[in-house]
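Structural overview for review
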Amino acid sequence: MRGRVPGVCGAPGMLLGLALALASLLPVAGARRSQDLHCGACRALVDELEWEIAQVDPRKTIQMGSFRINPDGSQSVVEVPYARSEAHLTELLERVCEKMKEYGEKLDPATQRKSYVRVISHDGTKMDLSGVKFDGDVINSLKFACESIAEEYEDELIEFLSHEADNVKDRLCSKRTDLCDHALHIPHDEL
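Described in the following lines is the structure provided in the data block. Everything quoted here is computed from the prediction, not taken from an experiment.

Right, let's talk about helix α2 (residues 86-95) for a bit. Where α2 is concerned, the buried positions are His88, Leu89, Leu92 and Leu93. Buried residues of α2, viewed axially, fall in a sector of 135 degrees; they line one side. In α2, the exposed positions that point more than 90 degrees away from the buried face belong to Glu86 and Glu94.

Set out below in structure tokens:
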């Protein structure tokens, strides 16, 4: 009879059990990662759009309405502020996701949730980049998620941003789209 080493027979079974337990957690971790990514992309998208809107001279207007001449010789044209006009918002949506290259990924050690923060400030002030992961994979993932959200929720983004409103990030990213249904506690970042 051959000699047996205690614990070796049970080790493959324990390893298999451990592997199965870890594998069962992967879909949850993947779903959380995806939810964190899409929530972060939505919040960054709204931040960038609001910042771009704020940069437009409030006196700048655009003519909207019909350019037809009415029988009485008048036109039904009105001037509206350019910053929140549909034309300006549509133009911004076409290019805003390029700004995702200025973001990095930060992992909250307590919750293991990921958030996305600017790594380059708008005004040149020094940023605290401790614990921020900044690489091509993060940028590409965030940019792709941003583009998907901008395309899928274009009408909602224009609807919310065409009027000045409070808490657009929460109202759009959490309540309207459920992209951040876990994140109502996320602090409001100021750019």
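The tendency in soluble globular proteins is for nonpolar side chains to be buried as a group. If you look at the biggest cluster of nonpolar residues, it comprises 36 residues, and the most contacted ones within it are Leu45, Leu49, Leu93, Leu142, Ile149, Leu157 and Leu161. Looking at this core, the elements with two or more residues in it are α1 (10-54), α2, α3 (136-152), α4 (154-161) and α5 (168-176). With 9 residues, the single largest contributor to this core is α1. Apart from residues no more than four positions distant in its own chain, Leu49 is found in contact with Leu92, Leu93, Val96, Leu157 and Leu161.

Here we come to the packing of aromatic side chains. A complete count under the given rule lists 0 aromatic pairs for this structure. Over the ring of Tyr82 we find Lys60, and its NZ or CZ is 4.4 Å from the ring centre.

Turning our attention to the sheet that holds strand β3 (residues 103-107). Spatial strand order, β4-β3-β5: 3 strands in an open sheet with antiparallel pairing. With one partner strand each, in any of the chains shown, β4 (114-118) and β5 (132-133) form the two edges of the open sheet. The sheet contact formed by β3 and β4 spans 5 bridges and is antiparallel. Paired with Leu107 across the two strands is Lys114, which belongs to β4. Of the strands in this sheet, β3, β4 and β5 touch α3, which is tilted by about 105 degrees from β3.

Topologically, Ser76 is positioned in strand β2 (residues 75-81). Note on Ser76: relative accessible area 42%, which makes it partly exposed. It is 10.0 Å that separates the C-alpha atoms of Ser76 and Gln63, two residues lying 13 residues apart in sequence.

What follows covers α4. Every buried residue of α4 is accounted for by Leu157, Ile158, Phe160 and Leu161. The arc that holds every buried residue of α4, seen down its axis, measures 165 degrees, which confines them to one face.

What counts, and at which threshold
- In every chain, residue numbers begin from 1 and rise along the written sequence.
- Residues qualify for local features only when their pLDDT is at least 70, as the model is predicted, and side-chain atom pairs are given and counted only at 80 or more; totals for whole chains, interfaces and linings, by contrast, use all residues.
- Hydrogens and waters are ignored; side-chain quantities use all the structure's heavy atoms.
- Think of it in three bands: with a 1.4 Å probe and only protein chains considered, a residue is buried below 20% of the maximum accessible area for its type, exposed above 50%, and partly exposed in between.
- Helix and strand labels come from DSSP, where a helix needs a run of H or I of at least four residues and a strand needs a run of E of at least two; each type is numbered from the N terminus.
- Starting at the helix axis, one direction is taken to each C-beta atom, and the arc is that of these directions.
- For this analysis, a nonpolar core means a set of buried residues of the types Ala, Val, Leu, Ile, Met, Phe, Trp, Tyr and Cys, connected via side-chain atoms within 4.5 Å.
- Pairs of residues are marked as contacts when any of their non-hydrogen atoms sit within 4.5 Å.
- Any Phe, Tyr or Trp ring, taking Trp's six-membered ring, that has another such ring centre within 6.5 Å forms a pair; planes under 30 degrees apart are called stacked, those over 60 apart edge-to-face, and the others tilted.
- Only lysine NZ and arginine CZ atoms are considered, and such an atom sits over a ring when it is within 6 Å of the ring centre and within 35 degrees of the ring normal.
- Should DSSP find at least two bridges between two strands, the strands are regarded as paired.
- Interaxial angle, 0 to 180 degrees, is taken between N-to-C directions of lines fitted to C-alpha atoms, where a helix line uses only the stretch in contact.

Honestly, it's all geometry; don't read function into it.
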